[in-house]
Amino acid sequence: MTYILDDYAILSPLRYRNNWLKLAIVTFGILAGVSSSSPFVPFTIALCMSFATIFFGKVPPKFYFKILAVPAGFVLVSIVIIAFFFGEGANLFEFDIFGYTLGVSSQGLNMALLILARTISGMSCLFFLSLTTPMIELFAVLKAAKLPDSFVEIAMMMYRYIFVFLDVAMGIRYAQTVRLGYRDFKTSFRSMVMLGTNLFIRSWEQGEKLYLSMNSRCYDGKMIMYDEKRPVKMPEMLLTGAYFAIVLVVFWLTRGISFI
Amino acid sequence: MHIFEGFLPYPWWQAWFAISIPVILYGMYKMNKLVSERREVVPLLAVAGAFIFVLSSLKLPSVTGSSSHPTGTGMAAILFGPAITAVLGVIVLLYQAIFLAHGGITTLGANAASMAIIGPLVAYMFYKAASKAGMNFYMNVFLATAIADWVTYVVTSLQLALAFPSATGGILASFIAFAGVFATTQVPLAILEGALTALIMKYVVQIKSDVLVDLNVLTTTTVAKLKEAMQ
């Protein structure tokens with residue numbers, strides 16, 4: 001049904017590296033990508049992050065490119081609109097529909113390409129995080145960020161129950177499919193309703209059971225987590241430093257340069 | 001529709017964070033209060049959040065052959081109120097960004113504004129107003145969730161239009177273009193989600209109506225009336 005990137009993160013060889021270092025790499029990449037003024041910076045970031053994810057993170061390249069195409073539908077439609085509507089100046093090419101002239105200016109096209117590059121770089125940074133760091137490692141980070149206890153708690157329990165319910169949902173869906181429950185539109189709608197209802201009722205009952213079981217084990221609204229200390233090693237430090245330096249140099253060299 | 005990572009340029013992603021964060025903080029404050037009063041709601045809220053996530057990852061059957069996902073936030077707003085839905089919605093959005101590669105971190109503010117705040121708020125206000133006016137419960141749920149789903153996409157179109165205004169027609173022209181693509185295609189899906197939620201509610205009333213009474217969605221008398229009508 002859906003692939004969960006967390007599955008890959010748990011098996012990742014980069015899982016046991018320092019969480020803060022990984023977060024710093026990702027935050028730096030995302031911020032540099034989003035504030036870049038030329039498509040070269042996002043391109044560099046995307047290249048480095050994809051390399052790190054595939055080479056160090058041992059993610060199958062085929063799977064990696066498949067998930068990189070997830071935003072394609074939304075991004076392509078949006079950048080076409082941006083190319084046509086954004087920017088001023090002489091049109092590179094234009095055509096008439098219903099008496100309106102639609103044209104693409106060089107400024108609009110540049111913006112569209114820049115946005116495309118930024119999205120690819122942002123997604124590759126995000127993938128680096130989600131394919132190398134399982135959520136369980138990030139809860140300690142959320143706690144250290146001084147978010148309210150109840151928030152972290154609920155996030156944690158939600159994480160656990162997402163997998164329980166996905167399992168239930170997949171089981172029900174499978175059972176419905178083999179009974180021709182998704183034969184045509186009408187039956188699939190009916191099956192969908194039954195699936196949703198059962199899921200809701202089951203989640204509710206599960207929640208009540210969870211409360212009882214946690215209460216009987218002296219739950220007082222706080223769960224203590226083990227936050228393992230993982231010092232940053234020298235090679236990691238050097239590699240990260242080199243990556244930051246390359247991105248900053250590209251950032252500085254290509255200020256305001258565009259393709260067209 | 002989530003706005004993907006890196007899509008919103010410089011002042012806009014910060015601006016949407018500035019709009020979303022106070023609302024989410026207010027939601028957290030509300031949730032903290034609720035949790036300190038009634039500790040048993042913690043697991044219930046957690047499973048509710050997980051339910052939103054799973055519901056939103058299911059593919060809806062679609063007439064045109066393309067598939068789309070329900071947002072599930074309209075239903076959550078009716079069940080838990082908009083403040084708590086905002087907090088649960090943010091966690092769901094974060095998980096969708098990290099687990100499913102839908103959405104992003106810098107665009108989290110904008111996505112939270114459209115999907116976790118404005119959409120659910122509209123659904124909740126509609127639901128409250130219509131139930132005061134005495135509208136049929138299922139019709140009400142149908143309209144509230146369908147409108148919430150659709151409003152989410154209108155807000156997303158507006159966010160894109162504000163960030164990328166048209167050179168000739170300004171924000172309005174690019175809003176029409178974005179809304180023309182995203183909001184119009186969403187109309188049948190919004191209707192579908194509304195119908196789905198209304199039917200789910202029908203079964204829930206049938207099988208486990210006490211949950212709805214516990215959550216103050218319905219009173220005992222309305223449940224009795226709805227059950228009577230079913231027979």
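Conventions adopted
- Residues numbered from 1 in each chain as written.
- Chains lettered and ligands numbered in written order.
- Predicted model: local features only at pLDDT ≥ 70, side-chain atom pairs only at ≥ 80, totals over all residues.
- Heavy atoms only, no water.
- Helix = DSSP H or I, 4+ residues; strand = E, 2+ residues; numbered from the N terminus.
- Rg over C-alpha atoms; globule rule 2.2 N^0.38 Å.
- Buried < 20%, exposed > 50% of the residue type's maximum accessible area, 1.4 Å probe, protein only.
- Contact = heavy atoms within 4.5 Å.
- UniProt positions renumbered as here; feature names shortened; annotations may be inferred.
- Core = buried A, V, L, I, M, F, W, Y, C linked by side-chain atoms within 4.5 Å.
- Domains from an automatic or database assignment.
- Buried area = accessible area lost by both parts, 1.4 Å probe.
- Salt bridge = Lys/Arg side-chain N within 4 Å of Asp/Glu carboxyl O.

Enquirer: Please clarify how the overall build of chain A should be interpreted in this entry.
Expert: Assigned secondary structure in chain A consists of 10 helices and 2 strands. For chain A, the sequential pattern of α-helices and β-strands runs α-α-α-α-α-β-β-α-α-α-α-α. For 260 residues, the compact-globule estimate of 2.2 N^0.38 gives 18 Å, and the C-alpha radius of gyration of chain A, at 24 Å, exceeds that figure by more than 25%. The principal-axis extents of the C-alpha atoms in chain A amount to approximately 70 × 60 × 35 Å. Taking all 260 residues of chain A together, 48% fall into the buried category. Expressed as a percentage of contacts within chain A between residues at least 6 apart in sequence, the contacts between residues at least 24 apart total 72%.

Enquirer: Is there a simple way to think about the UniProt feature "transmembrane region" (unreviewed entry) in chain B in this case?
Expert: All names here are of chain B. Residues annotated by UniProt as "transmembrane region" (unreviewed entry) correspond here to residues 12–29, 41–58, 78–101, 108–127, 133–153 and 160–181. Helix makes up 100% of residues 12–29 and strand 0%, with an end-to-end C-alpha separation of 26 Å. Helix makes up 94% of residues 41–58 and strand 0%. Its end C-alpha atoms lie 26 Å apart.

Enquirer: Looking at this model, I keep getting lost on the nonpolar core. Mind explaining?
Expert: Nonpolar side chains tend toward joint burial in soluble globular proteins. With 112 residues, the main nonpolar core has Ile154 and Phe200 of chain A together with Tyr95, Phe99, Phe137 and Leu218 of chain B as its most contacted residues. Element by element, the count of residues in this core is highest for helix H8 (residues 149–178) of chain A, at 15 residues. Residues lining this core come from more than one domain, with at least three contributed by each of domain 1 (5–133 + 230–253) and domain 2 (146–215) of chain A. Look past the residues within four positions of Phe137 of chain B in its chain and what remains in contact with it is Tyr127, Met201, Val205, Val217, Leu218 and Leu226 of chain B.

Enquirer: When you look at the interface of chain A and chain B in this model, what are you seeing that I'm missing?
Expert: The interface is formed by 73 residues belonging to chain A together with 75 residues belonging to chain B. For the chain A face of the interface with chain B, the top three residues by lost area are Phe74, Phe200 and Trp204 of chain A, together amounting to 12%. At the boundary of chain A with chain B, the tally comes to 1 salt bridge. Of the charged contacts in the structure, one is a salt bridge between Lys208 of chain B and Glu205 of chain A, with a shortest N-O distance of 3.9 Å.

Enquirer: I would appreciate a short explanation of the UniProt feature "transmembrane region" (unreviewed entry) in chain A in the present structure.
Expert: All names here are of chain A. In the numbering used here, UniProt assigns the feature "transmembrane region" (unreviewed entry) to residues 23–56, 63–85, 97–117, 124–145, 157–175 and 237–254. Here residues 157–175 runs as 100% helix and 0% strand, with 27 Å between its end C-alpha atoms. Taken end to end, residues 237–254 has its terminal C-alpha atoms 26 Å apart, with 94% of it in helix and 0% in strand.

Enquirer: Honestly, the environment of Asn215 of chain A in this entry has me stumped. Any pointers?
Expert: Residues and elements named next belong to chain A. By secondary structure assignment, the location of Asn215 is in helix H9 (residues 185–215). Asn215 sits in the partly exposed class, given a relative accessible area of 28%. Sequence separation between Asn215 and Lys66 is 149 residues; the distance between their C-alpha atoms is 44 Å.

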